[in-house]
Amino acid sequence: MFVKLVLVTATSLAAAILIAPTAHADTLDTKATKRHHHHAVSSAASNMPVRGMTMAQVERRFGAPAEKLAPAGGDTARHPTINRWRYAGYTVYFERNRVLHNVVDEAPPAPKS
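Here is what the cut-offs are and how they apply
Every residue gets a number counted from 1 within its own chain, in the order that chain's sequence is written. With pLDDT at 70 or above as the cut-off, local features in this predicted model cover only qualifying residues; side-chain atom pairs require 80 or more to be listed or tallied, and sums for whole chains, interfaces and linings still use all residues. In computing side-chain values, all of the structure's heavy atoms are included and hydrogens and water are not. Note on terminology: a nonpolar core comprises buried Ala, Val, Leu, Ile, Met, Phe, Trp, Tyr and Cys residues joined through side-chain atoms within 4.5 Å. Here's how the labels work: a residue is buried when its accessible area is under 20% of the maximum for its type, exposed when over 50%, partly exposed in between, all with a 1.4 Å probe on protein chains only. Contact criterion: two residues are considered in contact whenever any of their non-hydrogen atoms come within 4.5 Å of each other. Helix and strand definitions here come from DSSP, where helices need a minimum of 4 consecutive H or I residues and strands a minimum of 2 consecutive E residues; each element is numbered from the N-terminal end. To obtain the arc, one takes the directions from the helix axis to the C-beta atoms. Only rings of Phe, Tyr and Trp enter the pairing, Trp through its six-membered ring, and a pair is recorded when the two centres are within 6.5 Å. The plane angle decides the type: under 30 degrees is stacked, over 60 is edge-to-face, the rest tilted.

Colleague: Looking at this model, I keep getting lost on the nonpolar core. Mind explaining?
Modeller: Grouped burial of nonpolar side chains is what soluble globular proteins tend to show. The biggest cluster of nonpolar side chains holds 11 residues, and these are Met-48, Met-53, Met-55, Val-58, Phe-62, Trp-85, Tyr-87, Tyr-90, Val-92, Phe-94 and Val-99. For Met-55, the contacting residues outside a window of four places in its chain are Asn-83, Trp-85, Phe-94, Arg-96 and Asn-97.

Set out below in structure tokens:
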């Protein structure tokens, strides 16, 4: 009786191991990428307006923008006017007259050799 129990248990265990799917995972080291991205964002962000600054403060500190794009929204209180000012290398987005976001321009594609 004991031998049958051991055989059944061993057989069941072996079957479970063979039938169970094998776990597989790929590992991607993103430390270098994160450091590079953080450095690029930090250096660019230090030369851009800070969220909450007024239009007057931005113009006083960073000068007149290269281009003031047409406002968007403003049709209701729930959709406030969004203004966009383009500077060299980035665009500043204002909600009403306060800085909401800065967006760094995408780098031009590298020339093909």
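Colleague: Help me out: how do you make sense of helix H3 (residues 55-62) in this one?
Modeller: Residue pairs three or four apart in sequence face the same way in an α-helix, which turns once every 3.6 residues. Considered for burial, the residues of H3 that qualify are Met-55, Val-58 and Phe-62. Down the axis of H3, the smallest arc covering the buried residues is 65°, so these residues share one side. Among the exposed residues of H3, those pointing more than 90 degrees away from its buried face are Arg-60 and Arg-61. Check the buried side of H3 and you find it contacts strand S2 (82-87), strand S3 (90-95) and strand S4 (98-104). In the segment just after H3, Gly-63 is the residue with positive phi, at about 85°.

Colleague: Would you explain the side chain of Thr-54 in this entry?
Modeller: The topology assignment puts Thr-54 in the loop between helix H2 (31-45) and H3. Under the relative-accessibility criterion, Thr-54 is labelled buried at 15%. When sequence neighbours within four positions are dropped, the list of residues in contact with Thr-54 reads Phe-94, Asn-97 and Arg-98.

Colleague: What's the story with the packing of aromatic side chains in this structure? I'm lost.
Modeller: The geometry of an aromatic ring pair is captured by two quantities: the separation of the ring centres and the angle between the planes. Here the structure, examined in full by the defined rule, presents two aromatic pairs. With 5.4 Å between their ring centres and 15° between their planes, Tyr-87 and Tyr-90 make a pair best called stacked. Across the pair, Tyr-90 and Tyr-87 agree in class, each one buried.

In short, shape yes, function no, at least from these values alone.
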